[in-house]
Amino acid sequence: MKFLKENLLDHLQRPEFADLHASLVRRTLPKGAFVSQPGVGENRIFIVKKGRARVYLGYEAKEFNLGILTKGDIYSTHTGTFVQALDEIEVLVADVETFRRKMVGDPEVTKAMVRVLGNILNTSFSIIDGLVFKDVNARLVALLANEARRHGSPGDRGGVIVRLDLSVEQVARLVGSSRQTVSTLLNDLSRAGLIQRPERGTFLIPDLSALESVGGMRQ
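Remember, predicted model here, so these are calculated numbers, not experimental data.

Novice: Give a description of the overall build of the chain that names residues and reports values.
Specialist: Per the secondary structure count, the chain includes 8 helices and 12 strands. Buried positions account for 46% of the 219 residues belonging to the chain. When contacts within the chain are restricted to residue pairs at least 6 apart in sequence, those whose partners lie at least 24 apart make up 71%. Element-wise, carbon and sulfur atoms account for 51% of the exposed surface of the chain, whose accessible area totals about 11,700 Å².

Right under this line is the structure:
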């Protein structure tokens, strides 16, 4: 459930982005640390250089996950969400005003950021649509299928390998359900031959189109 289709770090390597890149400060945080929390610290923009972080809403004792930030993703600390490192994470940080000033001064940066923000908005609407209109099984299938499409690798004997490197409990949080429910659904998909689980956090999808059909992603 990656937030961007493109890697912003690739843009920052271009000469016209040198000024913006120089304004970013590198920070390294351990697994479990918060990159940002609602109402804590100054408003900043950050880009993930290494590692992953989950983005979620928290209300009383409940957590509602929105997705995972990975290498090249950009996010803001003033969104009202929690951003917590899933493993050791390295981020490039700038305050909002500095980032805005660099964008205004460089049309190439502005155009790139418009594309990035458009991808974030599009992904956010997809997340909301899934949470409101789809059941847990459809959300789980969508998570696996989208990761397969974006980051999957060919299996030795065909199919697509997806390495989420997440526990069942973490996957459950991402799709807004309980660990028990997601575990049952994964077992059902496995018995139906739609997925295989060769090791923890890794899935082999023999026929991606068939999996998407079960989840209502194909008509």
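Once the structure has been displayed, the description carries forward.
Novice: So what's going on with the pattern of salt bridges? Residues and values would help.
Specialist: Oppositely charged side chains can pair when the atoms bearing their charge come close. According to the stated counting rule, one finds 7 salt bridges in the structure shown. A salt bridge links Arg 100 to Glu 97; the nearest nitrogen and oxygen atoms lie 2.6 Å apart. Remark: Glu 97 and Arg 100 occur in helix α3 (residues 96-105); sequence separation between them is 3 residues, near one turn of the helix. Given a relative accessible area of 42%, Arg 100 falls into the partly exposed group. Residues joined by salt bridges that share partners form a network here, namely Arg 26, Lys 49 and Glu 90.

Calculation criteria
Residues numbered from 1 in each chain as written. Predicted model: local features only at pLDDT ≥ 70, side-chain atom pairs only at ≥ 80, totals over all residues. Heavy atoms only, no water. Helix = DSSP H or I, 4+ residues; strand = E, 2+ residues; numbered from the N terminus. Buried < 20%, exposed > 50% of the residue type's maximum accessible area, 1.4 Å probe, protein only. Contact = heavy atoms within 4.5 Å. Areas by Shrake-Rupley, 256 points an atom, 1.4 Å probe, with all protein chains shown as cover. Salt bridge = Lys/Arg side-chain N within 4 Å of Asp/Glu carboxyl O.

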